[in-house]
Amino acid sequence: MTTTTSRIPGLHRLTPLERLHKVAEIAGLGPEAVAHLANTGNLDAATADAMIENVIGTLNVPLGIATNLIVDGQEVLVPMATEESSVVAAVCNAARQCRNTGGFTTAMSGSLMIAQVQLVGVSNPEFARLRILEHRAEIEALCDETDPVLRAHGGGFRDLEVRVLAGRSGPMVIVHLVVDTRDAMGANAVNSMAEAVAPCLAEWTGGRPYLRILSNLADRRLARARATWALADIGGAEVRDGILAAFEFADLDPYRAATHNKGIMNGVSAVVLATGNDTRAVEAGAHAYAARSGQYRSLTQWEMDADGNLTGTLEMPLAVGLIGGATRSHPTARIALDILGVSSADRLARTIAAVGLAQNFAALKALATTGIQKGHMALHAKNIAVMAGAVGEEIDQVAREMVAQGRVRVDIAERLLKSLRG
Ligand SMILES: CC(C)(COP(=O)([O-])OP(=O)([O-])OC[C@H]1O[C@@H](n2cnc3c(N)ncnc32)[C@H](O)[C@@H]1OP(=O)([O-])[O-])[C@@H](O)C(=O)NCCC(=O)NCCSC(=O)C[C@@](C)(O)CC(=O)[O-]
Ligand SMILES: NC(=O)C1=CN([C@@H]2O[C@H](COP(=O)(O)OP(=O)(O)OC[C@H]3O[C@@H](n4cnc5c(N)ncnc54)[C@H](OP(=O)(O)O)[C@@H]3O)[C@@H](O)[C@H]2O)C=CC1
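Residues numbered from 1 in each chain as written. Chains lettered and ligands numbered in written order. Predicted model: local features only at pLDDT ≥ 70, side-chain atom pairs only at ≥ 80, totals over all residues.

The protein chain has the name 3-hydroxy-3-methylglutaryl coenzyme A reductase in an unreviewed UniProt entry, where Marinobacter lutaoensis is given as its organism. UniProt, in its Pathway (unreviewed entry) section for the protein chain, records the words "Metabolic intermediate metabolism; (R)-mevalonate degradation; (S)-3-hydroxy-3-methylglutaryl-CoA from (R)-mevalonate: step 1/1." (UniProt positions renumbered as here; feature names shortened; annotations may be inferred.)

Spelled out as structure tokens, the structure:
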């Protein structure tokens, strides 16, 4: 397939189906591929077209359910959207092992987001800083006027901070509007406030406003989860010590911490996606928070309690909403929220933190004992069978045989498939 041109003027003005035919013609897609993309499944083309630009189809990602979770004394079923095998099983597995100790206890630091306004060309930045702080009441009024609905829901402006940064081409005055965005993730809400306030800041300081945008380092919106895994439930002291050593490794070494935190995000991002929230916003916040000391470190902490049990904690920014973004517009996201049974963004974020902690426990336990491949590859075997060309019942047969042989590879799957088909 060779694309003849990428310049398609007015593609955005066509319907999704018209666009699909146009793209198919240019990219050389056959009728099967066109029919595949034209079937948008449970997200109809018109809804998808209202969500993003130049829509030609949808991409289905499996939606799984994590079982066994108790969060703050409540039994919860957690929908997870992910393409990666063993992620859902890992959460089920970890949550099962801390049910005897009551599951997960969670908390939230608040629902505050920060909008930043960058001012350049201020000749006396320290003087400007104080002038801006003197205008706090006007700034508060301007922000709250911008979003009366948010205010009616108990949110709105909360605080004002002004920092002076030494830029290469001179000092920059950075204004932080701290806003309670309640049940919204809040990006659009705070961006509008930053844009509304910027002209006044320019007038008061003589500076020129450039960027007016939220910060994804949502460190005033931290979700916290903790749990205890009893020695008897996890397989003894050796397992605990292996997990503690794995944590220490991650906390000391950014090369390991990146993978360790990726494991946490396997769970976090899957629930964020399933509920129609912004995965990139949460991921950016998580990684920036992990690096806040100047070194990239583990988002979780693992310790041993006085009785020798394993305790784990996770603390990370979690800016998610029940309103806004795709949380209401995507029909599957709405059902995912119904399954979760959450009635506030705060509760959603707390549940996601519990999932992140569970995910980390499962990965560390596997890594510190049998190795990740045994469990992961056993569940990945079906993907490998499909890659080798298996269809229908062949998928299970080939996968089962590869797991039994302890060799989960495409070449083995191809060989098994060949002998199965005689
Ligand atoms: C894979 C398991 C769970 C097997 O674990 P196991 O102990 O062999 O499984 P089991 O058959 O004894 O079942 C134990 C429980 O696990 C769950 N479970 C078991 N199988 C399923 C399944 N098919 N579907 C749903 N749930 C499943 C289920 O809750 C089950 O209890 P039950 O419900 O039967 O009473 C375990 O080995 C595990 O937790 N591994 C960790 C897997 C993982 O972390 N995967 C993520 C992908 S790897 C990665 O990207 C991240 C990483 C690893 O790099 C991060 C890092 O380095 O830190
Ligand atoms: N860097 C980033 O992360 C960026 C992300 N985004 C995107 O922004 C979107 C999220 O923005 P967000 O502001 O949450 O979405 P919306 O603007 O869609 O929704 C928030 C609005 O909903 C209204 N609202 C109604 N009920 C409530 C309630 N109970 N609590 C809070 N607000 C309520 C409020 O007022 P009203 O009805 O008056 O609007 C509020 O401003 C995501 O799609 C994200 O991808 C955008 C830019 C940058």
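Leu177, Val179, Val190, Val320, Ile352 and Ala353 are the most contacted members of the largest nonpolar core, which has 98 residues in total. The dominant element in this core, judged by the number of residues it contributes, is helix α14 (residues 345-368), at 14 residues. Looking at which domains feed residues into this core, each of domain 2 (64-109 + 222-369) and domain 3 (112-214) supplies at least three. Not counting residues within four places of it along the chain, the set of residues in contact with Leu177 comprises Ala115, Cys143, Phe157, Leu160, Val190, Met193, Ala194 and Val197. Core analysis: the next-biggest nonpolar cluster, separate from the first, contains 12 residues, Met377, Ala385, Ala390 and Ala399 among them. (Core = buried A, V, L, I, M, F, W, Y, C linked by C-beta atoms within 7 Å. Buried ≥ 20, exposed ≤ 12 C-beta atoms within 10 Å, placed from the backbone. Helix = DSSP H or I, 4+ residues; strand = E, 2+ residues; numbered from the N terminus. Domains from an automatic or database assignment. Contact = placed C-beta atoms within 7 Å.)

Bringing unusual backbone geometry into the picture now. Of note, Asn68 is a non-glycine position whose phi angle comes to about 75 degrees, a positive value. Mapped onto the elements, Asn68 comes out in strand β1 (residues 63-71). Classification of Asn68 by C-beta neighbours within 10 Å gives partly exposed; the count is 19. Not every positive phi belongs to a glycine, and Ser86 is a case in point at roughly 80 degrees. Within the secondary structure, Ser86 is located in the loop between β2 (74-81) and α4 (87-96). Taking the number of C-beta atoms within 10 Å as the measure of exposure, Ser86 has 20 and is therefore buried.

With that settled, the discussion passes to the site of ligand 1. Around ligand 1 sit 24 residues, and of these Ala89, Cys92, Asn93, Gly263 and Gly375 come closest. Residue assignment for the shell around ligand 1 shows that the elements contributing at least two residues are α4, α11 (254-274), α14 and α15 (372-387). A per-element tally of the shell around ligand 1 places α4 first, with seven residues. Its residues placed into classes, the shell around ligand 1 shows 12 nonpolar, nine polar and three charged. Counting contributing residues, the shell around ligand 1 receives three or more from each of domain 2 (64-109 + 222-369) and domain 4 (375-420). (Near = placed C-beta within 6 Å. Nonpolar A, V, L, I, M, F, W, Y, C, P; charged D, E, K, R; others polar.)

The subject of this paragraph is the packing of helix α1 (residues 16-27) against helix α2 (residues 31-38). At a minimum axis distance of 11 Å, the contact between α1 and α2 shows a crossing angle of 155 degrees. With respect to α2, the element α1 is oriented roughly antiparallel. Two packed elements cross with a definite hand, and for α1 against α2 that hand is right-handed. Facing α1, whose interface residues are Leu17, Leu20 and Ala24, α2 presents Ala33, Val34, Leu37 and Ala38. (Axes fitted to C-alpha atoms, helices over the stretch in contact; angles between N-to-C directions. Parallel < 35°, antiparallel > 145°, perpendicular 65-115°, else oblique. Left-handed = near helix turned anticlockwise from the far one by under 90°.)

Looking at ligand 2, there are 23 residues lining it, with Val149, Ala187, Asn188, Gly324 and Gly325 nearest. Mapped onto the shell around ligand 2, the elements with two or more residues apiece are α7 (148-152) and α8 (187-205). Ranked by residue count, the leading element in the shell around ligand 2 is α8, at four residues. Residue composition of the shell around ligand 2, grouped by class: nine nonpolar, 10 polar and four charged. Mapping the shell around ligand 2 onto the domain boundaries places at least three of its residues in each of domain 2 (64-109 + 222-369) and domain 3 (112-214).

Moving on: the sheet that holds strand β7 (residues 208-214). Pairing is antiparallel across the open sheet formed by four strands, whose spatial order is β5-β6-β4-β7. A single partner strand is all that each edge strand has here, and the edge strands are β5 (156-167) and β7. Going across the sheet, the axis of each strand differs from the next one's by a mean of 20 degrees, ignoring polarity. Here 11 bridges tie β5 to strand β6 (residues 170-180), and the two strands are oriented antiparallel to one another. Opposite Gly167, over in β6, you have Gly170 as the bridge partner. Sitting on the sheet, helix α5 (residues 125-134) is in contact with β5 and β6, with an inclination near 175 degrees to β5. Sheet strands touched by helix α6 (residues 136-146): β5 and β6. Its angle to β5, the strand with the most contacts, is close to 115 degrees. (Pairing = 2+ DSSP bridges.)

We now examine the environment of Leu14. For Leu14, the position within the fold is in the segment before α1. Overall, Leu14 belongs to the partly exposed group, with 17 C-beta atoms counted inside 10 Å. Separated by 40 residues in sequence, Leu14 and Asn54 have C-alpha atoms that sit 8.3 Å apart. Contact partners of Leu14, with chain neighbours within four places excluded, come to Arg19 and Lys22.

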